[in-house]
Amino acid sequence: MSDEFLMKNGEKQMNNIAIKVENLVKKFGKGENEVTVINGADFTLKKGEFAALVAPSGAGKTTLLMMIGCVLEPTSGRIEIGGEVVYDNKWTVKDDRALRRKKLGFIFQAHYLIPFLNVEENVSLLPYENGEPEKVVKPRVKGLLDYLGVGDKLKNMPSELSGGQNQRVAIARALANNPSIILADEPTAALDTKRSVDVVKLLRKIAKEKEVTIIMVTHDDRLLPYCDKVLTIVDKKVEVKEQLEGVII
Amino acid sequence: MINLAFKDIKHSFTKFIITAISVGILLGIVIIMIGVYRGMIFDAKELVKDIKADLWVVQQDTLGPFAQTSKVHEDLKDRISYQDGVKYAEGITFQNIQMQNSYGAFKVMLVGYDPLGKIKVINPNKIIAGRALKNEHYEIVVSQKTHYKLGEKIKLGRDYYTVVGITKNTVSNGGDYLMFVSLKDAQILQFTYTNERIRSDEARGIKGDNPHLVNAVIAKLKDGYNPKIVAKNIEDATHKTVFTKGEQIKLLLQRVIKKSSKQIGMFTAILIIVSIVIIALIIYTMTLEKIKEISILKLIGISNLKIIKMIMQETLILGILAFISGNIFARLIAGKFPKRVVLELGDAWALFAVIIVASIFASVFGVYKVLKTDPSEAIGG
Ligand SMILES: Nc1ncnc2c1ncn2[C@@H]1O[C@H](COP(=O)(O)OP(=O)(O)O)[C@@H](O)[C@H]1O
Ligand SMILES: [Mg+2]
């Protein structure tokens, strides 16, 4: 199939693929306790594509994101991230930690900030770890925090911020390393509607301007119009709906 | 760059400092134990070093006068002084006695020497008040720590002795205080009314109070004579055992304090092991407390190296702070110990090296935990 694809679309299109998932299966437990959560996921996301992942609680959304993020080992299948095959019935990724800190941004339901680092340090951690100089990191971090409305909290500890403020800091952290893919697991659950829409608009802007591919888990239908695609999990299979109409840009 | 260890310590500063000081007190006890051991060795040598004698002549086949009882006749000194190379020879006695004053009961080593003799038994630099003995009777020089005052009268045996001098830092080989009396007085205190005295006196036709026995004869050599050769010659001529100053010191270290120093050595080793185990436990607990943060760091893509560095640096900082507070603690309390505590810089540095190496080992458990932590633990559960 990929050969066919190559012939039809040529080299350029091939390089355009950010995430490619084939035949992905995930089972938890063994023997009698074995539970199949994902039984076949096949989809491709291009660079700059903004996809929503909508499914009932317990359907396997977090599980899917964690497999794509090389955090959770699938049972079988194949995953390609930015042209690199990271899983092919076994891990093939060389350094999953380096892949995450260089190419991925994570946003979770909870903020998961490091309690002993202040806001600025939390957000700067990955860029510094990637070897970026202070004169580049500092203004970028400040800009992100300003945009998210927490620019005045630079030196505050997470314990001094509200839940919503911390969540926005966490979003800044996910963007600070200039990732090519953002995996966002209910990023707006802790925010009010206005902030939620702002964050999704920001994510869309980043997706389009910087060609960042985003998968965002959400339960909020009002956010769907900002996405290019909607992924759902039906009967343990991942289905893709193109959302060509009604996309707000 | 962001130093995770510094940030974490800063965040829980008080707790970290209290932990470091607690470990430090433990290390302080280790330092004191080493100091006590050093003090024992120091004390063991001190008296023999202070007595300005080159040779110790003692009863044949004994390791006297400290490691073993030794008795020789006082007139031996005359024969010794005629030996080739000997400048002076004098008798000396040592006797352990119990004393009691308003400061309590204590053990004292009573040293008897000839006040008119030429060999200095009291190190003149250590006399901080009064003088050495001058008269043949009823004078006494005491260690400062006995708390006796100049001019005070002390009852020993049937007689009263007047304090004419006070010394500082004078101790017996066992670390007890010293008191010096004239040889004649000391002989009466040690040997009077013993059967031995009566027999030996009768054999020599001596009658009177003085038994004319001493525990050893000490000798000072003329310049240019080899103590070992002179000692050998005296042994051949007198059938006594002769030790050079160096041999006497070696004897004290090997025979007299070997067991007790081994005892302290064992105790110190156990304390060091306990300290290492405690440091390891603290580091492991500190790592467990951060396990959530560690899994988040792994999840967002921070390398193991960076996380392990955090654990190791915190361990080292803990070790260094504990070491510093341990030294301060040891120095504060060292003076309060009844016997000598010698805190040597070399020992402190050796312990420092041990603590640093031990800290690195101690962090192994924490590091293992870091490696084993699953990044999905951060969001799981
Ligand atoms: N570590 C695990 N062990 C066993 N079952 C798990 C584990 N993680 C998730 N599951 C199960 O997998 C299913 C999907 O979980 P999850 O991906 O968290 O769902 P969602 O994010 O869509 O709410 C759930 O039924 C959950 O109980
Ligand atoms: Mg979930």
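Procedures and definitions
Residues numbered from 1 in each chain as written. Chains lettered and ligands numbered in written order. Predicted model: local features only at pLDDT ≥ 70, side-chain atom pairs only at ≥ 80, totals over all residues. Heavy atoms only, no water. Pairing = 2+ DSSP bridges. Helix = DSSP H or I, 4+ residues; strand = E, 2+ residues; numbered from the N terminus. Axes fitted to C-alpha atoms, helices over the stretch in contact; angles between N-to-C directions. Contact = heavy atoms within 4.5 Å. Buried area = accessible area lost by both parts, 1.4 Å probe. Salt bridge = Lys/Arg side-chain N within 4 Å of Asp/Glu carboxyl O. Polar contact = N/O pair within 3.5 Å; in protein donor to acceptor, adjacent residues only side chain to side chain. pLDDT = per-residue confidence, 0-100. Near = heavy atom within 4 Å. Areas by Shrake-Rupley, 256 points an atom, 1.4 Å probe, with all protein chains shown as cover. Nonpolar A, V, L, I, M, F, W, Y, C, P; charged D, E, K, R; others polar. Domains from an automatic or database assignment. Core = buried A, V, L, I, M, F, W, Y, C linked by side-chain atoms within 4.5 Å. Buried < 20%, exposed > 50% of the residue type's maximum accessible area, 1.4 Å probe, protein only. Parallel < 35°, antiparallel > 145°, perpendicular 65-115°, else oblique. Left-handed = near helix turned anticlockwise from the far one by under 90°.

**Observations regarding the sheet that holds strand S4 (residues 50-54) of chain A**
All names here are of chain A.
And then number 1: Pairing within the open sheet is mixed, and its six strands lie in the order S7-S8-S9-S4-S10-S11. Looking at which strands have only one partner, the edges of the open sheet turn out to be strand S7 (104-107) and strand S11 (237-242). On average, each strand axis in the sheet is inclined to that of its neighbour by 20°, with strand direction left out of account.
And then number 2: In the packing of helix H2 (residues 61-68) onto the sheet, contacts are made with S4, S7, strand S8 (181-185), strand S9 (213-217), strand S10 (229-234) and S11, and the angle to S8 comes to roughly 155°.
And then number 3: Against the sheet, helix H6 (residues 163-176) makes contact with S7 and S8, and its axis sits at roughly 170° relative to S7, the strand it touches most.

**Describing the interface of chain B and chain A**
And then number 1: Counting from both sides, the interface comprises 25 residues of chain B and, opposite them, 22 residues of chain A.
And then number 2: Approximately 2,300 Å² of surface area, both sides summed, lies buried where chain B meets chain A, with 71% of it carried by carbon and sulfur atoms.
And then number 3: It is Ile2, Ile300 and Ile379 of chain B in chain B that bury the most area against chain A; as a group they hold 26% of the surface buried on that side.
And then number 4: Of the charged contacts in the structure, one is a salt bridge between Lys7 of chain B and Glu121 of chain A, with a shortest N-O distance of 2.6 Å.
And then number 5: Taken together, the connections running from chain B to chain A amount to nine residue pairs in polar contact (both at pLDDT 80 or more).

**Focus: the confidence of the model for chain B**
And then number 1: Here chain B averages 89 in pLDDT, while 95% of its residues score no lower than 70.
And then number 2: At the level of chain-chain contacts, confidence expressed as ipTM amounts to 0.90, with global pTM at 0.80.

**Some words on the site of ligand 1**
Residue and element names in this part refer to chain A.
And then number 1: Taken together, Phe28, Val37, Pro56, Ser57, Gly58, Ala59, Gly60, Lys61, Thr62 and Thr63 are the residues near ligand 1.
And then number 2: A distance of 2.7 Å is found between an oxygen atom of ligand 1 and a side-chain nitrogen or oxygen belonging to Thr62.
And then number 3: For ligand 1, an oxygen atom lies 2.5 Å from a polar atom in the side chain of Thr63.
And then number 4: Expressed as a share of its isolated accessible area of 560 Å², the protein-covered part of ligand 1 is 54%.
And then number 5: Here the shell around ligand 1 takes three residues from H2, the largest share from any one element.
And then number 6: Split into classes, the residues belonging to the shell around ligand 1 amount to four nonpolar, five polar and one charged.

**Comments concerning the domain arrangement of chain B**
And then number 1: Splitting chain B by domain gives domain 1 (4-42 + 259-380) and domain 2 (60-239).
And then number 2: Measuring from the centre of the C-alpha atoms in domain 1 of chain B to the corresponding centre in domain 2 of chain B gives 50 Å.

**Here's the deal with the confidence of the model for chain A**
And then number 1: With 92% of its residues at a pLDDT of at least 70, chain A reaches an overall mean of 90.
And then number 2: Here residues 1-12 of chain A is modelled with pLDDT under 50, and outside its nearest four sequence neighbours on either side it reaches three contacts, counting other chains as well.

**Re the nonpolar core**
And then number 1: Among the nonpolar cores identified, the biggest contains 134 residues, and Ile19, Phe43, Leu64, Ile68, Ile81, Leu145 and Met216 of chain A are the most heavily contacted of them.
And then number 2: Looking at which element gives the most residues to this core, the answer is helix H2 (residues 13-50) of chain B, with 13 residues.
And then number 3: Sequence-distant contacts of Met216 of chain A, that is, excluding residues within four places in its chain, are made with Phe50, Ala51, Ala52, Leu53, Ala184, Pro187, Val200, Leu203, Leu223 and Cys227 of chain A.
And then number 4: Listed in part, the 26 residues of the second largest apolar core include Phe66, Val111, Val121 and Val164 of chain B.

**As for the packing of H2 of chain B against helix H7 (residues 245-256) of chain B**
Residues and elements named next belong to chain B.
And then number 1: Where H2 contacts H7, the two axes come as close as 9 Å, and the packing angle between them is 150°. The orientation of H2 relative to H7 falls into the category roughly antiparallel. Helix-helix and strand crossings are classified by hand; for H2 and H7 the assignment is right-handed. Contacts between H2 and H7 involve Ile41, Ala44, Lys45, Val48 and Lys49 from the former and Lys245, Gln248, Ile249, Leu252 and Leu253 from the latter.
And then number 2: Each residue belonging to the contact of H2 with H7 can be placed in one class, and the counts come to six nonpolar, one polar and three charged.

**Observations regarding the pairing of S9 of chain A**
All names here are of chain A.
And then number 1: S9 sits mainly inside the fold: five of its five residues count as buried.
And then number 2: Judged by which residues are buried, S9 turns out to be covered on both faces: Thr213, Ile215 and Val217 on one side and Ile214 and Met216 on the other are all buried.
And then number 3: With four bridges joining them, S4 and S9 adopt parallel strand pairing. Among the inter-strand pairings, Phe50 is bridged to a residue of S9, identified as Ile214.

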